[in-house]
Amino acid sequence: MAAVRGRVRAPRDAQGDLMSEQSYFSTLPPGRRVTVRDVAEAKARGERWPMLTAYDALTAGVFEEAGVPVLLVGDSAGTTVFGHATTVPVTVDDLLPLVAAVVRGTSRALVVADLPFGSYQASPAQALGSAARFLKEAGAHAVKLEGGRRVVAQVEALVESGVPVMGHLGLTPQSVNAFGGYRVQGRGEAGDRLLEDALALEAAGAFAVVLEVVPAELAERVTKSLTIPTVGIGAGAGTDAQVLVWQDMAGLTPGRPPKFVKRYADVRGVLTDAARRFADDVLAGAYPPEENTYH
Ligand SMILES: Nc1nc(=O)c2c([nH]1)NC[C@@H]1CN(c3ccc(C(=O)N[C@@H](CCC(=O)O)C(=O)O)cc3)CN21
Ligand SMILES: CC(C)C(=O)C(=O)O
Ligand SMILES: [Mg+2]
């Protein structure tokens, strides 16, 4: 198979999924947390890495056990956990207990807290206040915020204060009301502006940048232009890392998912079946059986 940025593509199993392989992250001693320096080292070695969202202790533990080195407590909790239509209503107080749970449920993963809409845009002081809450009250190791040159002052203030920052460009869902929907961003001349934003975030000290729902050609151009890793979601195969919302990846989210989502399981089907069989058993008096009964 063809070499990709200095290494050979991993083998695939019978389902066509990539088989687990020795990665830089898998060589780290167990019990030691992944750091933002490790993320930089992975890019220096030309290694790709996965990121997943997590919102609770148990699933976070599963994902780190499966070899996912970076977990994002996304404001996508607004839709996946809290049932809102968008991420706009999410608050710092909503996410704090979720971040704390993900940190408690893991020992190796780098945990990134998403700064919600309205918790950082007003000023660098506001951004620092929100980020400090995630680090002090929930134990997060880094924060993520949306936007390019308009949030450079915030990124600089956070980095100067010792808070690692992940940027986020392209389809930034907190701006859904300005975009008028969830559409591909960065086509045509907007791509040049996005590249300028990415370079500005890197210069401000961001340790990585998410590129969401942009043409693969643009994501590849940005990835080659930056020394920090790019994390794609709907940005093609040319980014340094890939992130998905876990309920999308595992097939829990109902309905037809966006084109960029690949479903690796049918958790919705598995859970529906389990709940239905439990309900049927209770109706039939078949649960609890003797083996699940105290005397
Ligand atoms: N569960 C979940 N997964 C996500 O990826 C996600 C959230 N929630 N909530 C916040 C945002 C919203 N996201 C979305 C939502 C819809 C599309 C979507 O429908 N995209 C179209 C592209 C349309 C076009 O061609 O311009 C698609 O069909 O893929 C994309 C990203 C990503 N984020
Ligand atoms: C999808 C990722 C990048 C995100 O911002 C979120 O889950 O909130
Ligand atoms: Mg988000």
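Criteria and cut-off values
- Residues numbered from 1 in each chain as written.
- Chains lettered and ligands numbered in written order.
- Predicted model: local features only at pLDDT ≥ 70, side-chain atom pairs only at ≥ 80, totals over all residues.
- Heavy atoms only, no water.
- UniProt positions renumbered as here; feature names shortened; annotations may be inferred.
- Donors = N, O, S within 2.8 Å, 3.2 Å for Na, K, Ca; no water.
- Helix = DSSP H or I, 4+ residues; strand = E, 2+ residues; numbered from the N terminus.
- Buried < 20%, exposed > 50% of the residue type's maximum accessible area, 1.4 Å probe, protein only.
- Core = buried A, V, L, I, M, F, W, Y, C linked by side-chain atoms within 4.5 Å.
- Contact = heavy atoms within 4.5 Å.
- Near = heavy atom within 4 Å.
- Polar contact = N/O pair within 3.5 Å; in protein donor to acceptor, adjacent residues only side chain to side chain.
- Areas by Shrake-Rupley, 256 points an atom, 1.4 Å probe, with all protein chains shown as cover.

- In the annotation of an unreviewed UniProt entry, the entry for the protein chain reads 3-methyl-2-oxobutanoate hydroxymethyltransferase, and the organism field reads Motilibacter deserti.
- What the UniProt record of the protein chain gives under Function (unreviewed entry) is the line "Catalyzes the reversible reaction in which hydroxymethyl group from 5,10-methylenetetrahydrofolate is transferred onto alpha-ketoisovalerate to form ketopantoate."
- Of the protein chain, the UniProt comment under Catalytic activity (unreviewed entry) reads exactly: "(6R)-5,10-methylene-5,6,7,8-tetrahydrofolate + 3-methyl-2-oxobutanoate + H2O = 2-dehydropantoate + (6S)-5,6,7,8-tetrahydrofolate".

1. Remarks on the coordination of the magnesium ion (ligand 3)
Right, on to step 1. Listed as protein donors to the magnesium ion (ligand 3) are Asp-75 (OD) and Asp-114 (OD); their distances from the metal cover 2.1 Å. On the criterion of sequence distance, the pair formed by Asp-75 in the loop between strand 4 (70-73) and helix 3 (77-80) and Asp-114 in strand 5 (residues 110-114) is long-range, its members being 39 residues apart. Here the two residues Asp-75 and Asp-114 agree in accessibility, since each one is buried.

2. Some points on the nonpolar core
Right, on to step 1. Trp-49, Met-51, Leu-71, Val-99, Phe-134 and Leu-211 are the most contacted members of the largest nonpolar core, which totals 79 residues.
Right, on to step 2. Of all the elements, helix 4 (residues 92-104) adds the most residues to this core, at eight residues.
Right, on to step 3. With residues up to four places along the chain from it excluded, the contact list for Met-51 reads Val-68, Val-70, Leu-72, Met-166, Val-210, Val-231, Gln-242, Val-243 and Leu-244.

3. Some words on the site of ligand 1
Right, on to step 1. The environment of ligand 1 is made up of 15 residues, and the closest members are Thr-79, Val-184, Glu-212, Asp-248 and Lys-259.
Right, on to step 2. Within the contact set of ligand 1, a nitrogen atom lies 3.2 Å away from a side-chain nitrogen or oxygen of Thr-79.
Right, on to step 3. A distance of 2.9 Å separates an oxygen atom of ligand 1 from a polar backbone atom of Val-184.
Right, on to step 4. Relative to its unbound accessible area of 670 Å², ligand 1 is 73% covered by the protein chains.

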